[in-house]
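If you want the building blocks of each chain, they are given just below.
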Amino acid sequence: MRFTVPVYNTYTTMKRLLAPLLAIVLLATACSDRRYVAMLDRAEPLIETAPDTALALLDSIDSRRLYREDKARYALLHSQALDKNYIDVANDSLINIAVDYYAHSGNEHYKMLAYYYLARVKYNAGDYAQSIVSLLKAEKIALDIDAYFYLGLIYRNTSYIYSSIYYNAGEIEYAQKSYNAFSKTKYTEHTNYALLEVAQAFYNHKDYHLCDSIVNHIIELSEISENTRLYILSKRLKVNLLIHNKMYNEALTILNQLETEHNELFTAIDYINKSLCFANIDDIDNAYKNAYWATQLDSQQTWGLYIVNKQMHKPDSALLYLEKEVELQNKLIRELSNQKVLYEVEKYKEQEKISERKKTLNLLYIIIIITILLISGVVITATVRIKISKAEIERNIALANNLEQSIFNKEEEIASLQNEAKNLFCKQFETLNYLCNLYYENCDEKRATLVIYNDVKSTIQNMGSDKNTLEKLETLANKHLNNIMSNFRQDFPKLSSEDIQLYLYIVMGFSSRAISAILNIEIEKVYNRKSSLKRKINKKTNIDISKYNYFINK
């Protein structure tokens, strides 16, 4: 038989085959290339120790082959490596990949770094307002995770921004914060540089005396640690202090020493300072020469030429250089006027306060709701328990009342039984019971009583075998004790007639002596038979034996 497959089935089959293949392709494209992930792992520890090697590794990675978390990590590490290699990036497109991802991820360390390097990029772009906002965000995280090294860096950059906008109070505050943060780390070199920045901040604030005492200490530290760069920077600040105090020859001595020993590190600012010193001691030739060398290193450094031309009484040239200096300063002022750094800081802090208030209110609402729920739960639980307890108490009271009534009824039945038994006993067995006791009390009397003794014994023994008497006793027991004997016979069908007769005598209240006399057995045997009967009763597990043991245990 031939089977034909419809055309639409072929299409359906292709769809079913392509669907899992497409899913596999999408899954493969969603996963990062493991080779590049391994390169990220190798590059990360090298950023601090060998940033150039780390940057080379990162540059060789095709970021298009990375996905989500790995792409964000790449963006962060690449931005970090560029910064460590003194490559000032002003475009935030790369670092924003990391910021966007880590702003909502659980890695607080990477989140802090992302905000910090975004601040660095914004600083390079001259956007001080957004830079300082990013630093404030990074600071908050660094405080939470006790990242004191990065706190030092965050505070240092904040101090730089305040210095750039000539806000001296903020510059001093954050320079000191930076020093305190680095002091809590093992990075002594960073701590020493932070102390130098504190001194520079005091100099900018015109607190020259405090600045001088700190600078002298830093010079000593740089000589002990043999840190050339720290030594030059601290000496350069010392020169500024000497020029301020009009100690031009002492300043020239330090500058000449630095030029001789570290000529490759001599800057346009150093030449300007030399020019100022020479101008103020009327050495115009050297003043002009050093001012010229300053402009060769930095064309914008025209201040020295203004001073020299002024000293040489060349007003036209002096005015030209002064106008250039004023134009430069005006440009800086215009740029700073558009920054609104302090406004953005206050705006951010106000937003943080509002956010904290919202968090506090939300937390308060949660606490109130939880408290209400807990109280409601406690009240409901207590109410339910009270109701249960009340119901249980009512049940127990009802049971107690029923039990009390039952006991009362039982007592009445027993009393009635005892009265009837007593009447019967009085009528038929009182003399017999008396004679039984007399029999035991006088069994050792002399032969004078022997005849009486024998007659009494005969009467008692005949009574034990009198079926009519036994039937009357059993009928009486059933009538007043809820068919006790009938139930007993039914629950213990395998008991012998002797055990049933013994139990009847026990139920009817005969003493062990009386039973001994009636059955003509020793009293010890009566006790033994009672114990045996009790064991037989206790072996039953499927009935309530307490009602039967009640009479034996009396």
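All values reported here derive from a predicted model rather than from experimental measurement.

Chemist: Is there a simple way to explain the overall build of the protein chain in this structure?
Modeler: The number of helices and strands found in the protein chain is 26 helices and zero strands. The proportion of buried residues among the 554 residues of the protein chain is 38%. Carbon and sulfur atoms form 55% of the exposed surface of the protein chain, whose accessible area is close to 33,800 Å².

Chemist: Sorry if this is basic, but what is going on with the packing of aromatic side chains here?
Modeler: How two aromatic rings sit relative to each other is set out by the distance from centre to centre and by the angle between their planes. Using the criterion set out here, one finds 21 aromatic pairs in the structure. A ring pair is formed by Tyr503 and Tyr548, whose centres lie 6.4 Å apart and whose planes are at 70°; its orientation type is edge-to-face. Of this pair, Tyr503 sits in helix H23 (residues 497-507) while Tyr548 sits in helix H26 (residues 546-552), placing them 45 residues apart in sequence. This pair shows no difference in class: Tyr503 is buried, exactly as Tyr548 is. Taken together, the ring pairs in this structure connect Tyr116, Tyr117, Phe149, Tyr150, Phe182 and Tyr187 into an aromatic cluster. A cation over a ring is seen here: Arg35 above Tyr36, with NZ or CZ 5.4 Å from the ring centre.

Chemist: Even after reading the chapter, I still don't get the packing of helix H9 (residues 148-164) against helix H11 (residues 188-204), so can you show me in this structure?
Modeler: The packing of two helices is summarised by the inter-axis angle and the distance between the axes. Remark: H9 packs on H11, axes separated minimally by 11 Å, with the N-to-C direction vectors making an angle of 25°. Between H9 and H11, the crossing angle belongs to the class labelled roughly parallel. Here the hand of the crossing between H9 and H11 comes out left-handed. Residues Phe149, Arg156, Tyr160 and Ser163 of H9 form the contact with H11, whose participating residues are His190, Tyr193, Ala194, Glu197 and Asn204. Here the residues of the contact of H9 with H11 are counted per class, giving four nonpolar, three polar and two charged.

Chemist: Which parts of the structure should I look at to understand a nonpolar patch on the surface?
Modeler: Side chains of Leu361, Leu364, Tyr365, Ile368, Ile369, Ile372 and Leu373 sit close together on the surface and give an oily, nonpolar patch of about 670 Å² of accessible area. With respect to the helices and strands, Ile368 occurs in helix H19 (residues 341-441).

Chemist: Mind showing me how you'd approach helix H25 (residues 523-539) here?
Modeler: What sets the pattern is the α-helix's 3.6 residues per turn: residues three or four places apart point alike. In a regular helix each residue adds 1.5 Å, so 17 residues correspond to 24 Å; H25 covers 25 Å between its end C-alpha atoms and thus fits that length. Of all the residues in H25, the buried ones are Val526, Lys530, Leu533 and Ile537. Angularly, the buried residues of H25 cover 65° about the axis, an arc narrow enough to put them on a single face. Among the exposed residues of H25, those pointing more than 90 degrees away from its buried face are Asn528, Arg535 and Lys539. Buried residues belonging to H25 abut helix H22 (484-491), H23, helix H24 (512-519) and H26.

Chemist: Explain the side chain of Arg156 to me, please; I cannot follow it from the model alone.
Modeler: For Arg156, the location among the structural elements is in helix H9. On the basis of relative accessibility, which here comes to 12%, the residue Arg156 falls in the buried class. Among the polar contacts made by the side chain of Arg156, one reaches the side chain of Glu197 at a distance of 3.1 Å. Excluding residues within four positions of it along the chain, Arg156 makes contact with Ser178, Phe182, His190, Tyr193, Ala194 and Glu197.

Chemist: I tried to follow helix H8 (residues 128-144) on my own but got confused; where do I start?
Modeler: Spanning 17 residues, H8 covers 24 Å between terminal C-alpha atoms, matching the ideal 24 Å at 1.5 Å per step. Burial within H8 is extensive, with twelve of its 17 residues counted as buried. Listed in full, the buried residues belonging to H8 are Tyr128, Ala129, Ser131, Ile132, Val133, Ser134, Leu135, Leu136, Ala138, Glu139, Ile141 and Ala142. Positive backbone phi, approximately 55°, marks Asp146, located one or two places after H8.

Chemist: Would you take a moment to explain the pattern of salt bridges for this structure?
Modeler: Following the criterion strictly, the structure yields 15 salt bridges and no others. Measuring nitrogen to oxygen at the nearest pair gives 2.8 Å for the salt bridge that ties Arg73 to Glu44. One end of the pair, Arg73, is in helix H5 (residues 69-84); the other, Glu44, is in the loop between helix H2 (34-43) and helix H3 (46-49), and 29 residues separate them in sequence. The class for Arg73 is buried, based on a relative accessible area of 12%.

Chemist: Explanation requested: unusual backbone geometry in the structure shown.
Modeler: It is generally the case that most residues other than glycine have a negative phi and that most peptide bonds are trans. Of note in this structure, Asp146 is not a glycine but carries a positive phi near 55°. Relative to the helices and strands, Asp146 resides in the loop between H8 and H9. Asp146 gets classed as partly exposed once you look at its relative accessible area, which sits at 48%.

Chemist: Would you mind showing me how to read the packing of H23 against H24 here?
Modeler: Direction vectors running N to C along H23 and H24 enclose 140°, while the axes themselves pass 10 Å from each other. Along this stretch, H23 crosses H24, giving a crossing that reads as right-handed. Contacts from Gln501, Leu502, Tyr505 and Ile506 of H23 reach H24 at Ile515, Ile518 and Leu519. Tallied by class, residues from the contact of H23 with H24 come to six nonpolar, one polar and no charged.

Here is what the cut-offs are and how they apply
Residues numbered from 1 in each chain as written. Predicted model: local features only at pLDDT ≥ 70, side-chain atom pairs only at ≥ 80, totals over all residues. Heavy atoms only, no water. Helix = DSSP H or I, 4+ residues; strand = E, 2+ residues; numbered from the N terminus. Buried < 20%, exposed > 50% of the residue type's maximum accessible area, 1.4 Å probe, protein only. Areas by Shrake-Rupley, 256 points an atom, 1.4 Å probe, with all protein chains shown as cover. Phe/Tyr/Trp six-rings, centres within 6.5 Å; stacked < 30°, edge-to-face > 60°. Lys NZ or Arg CZ within 6 Å of the ring centre and 35° of its normal. Axes fitted to C-alpha atoms, helices over the stretch in contact; angles between N-to-C directions. Parallel < 35°, antiparallel > 145°, perpendicular 65-115°, else oblique. Left-handed = near helix turned anticlockwise from the far one by under 90°. Contact = heavy atoms within 4.5 Å. Nonpolar A, V, L, I, M, F, W, Y, C, P; charged D, E, K, R; others polar. Patch = residues over 30% accessible without salt bridge, like charges linked within 9 Å, V, L, I, M, F, W, Y side chains within 5 Å. Salt bridge = Lys/Arg side-chain N within 4 Å of Asp/Glu carboxyl O. Expected span 1.5 Å × (residues − 1). Arc of directions from axis to C-beta. Polar contact = N/O pair within 3.5 Å; in protein donor to acceptor, adjacent residues only side chain to side chain.

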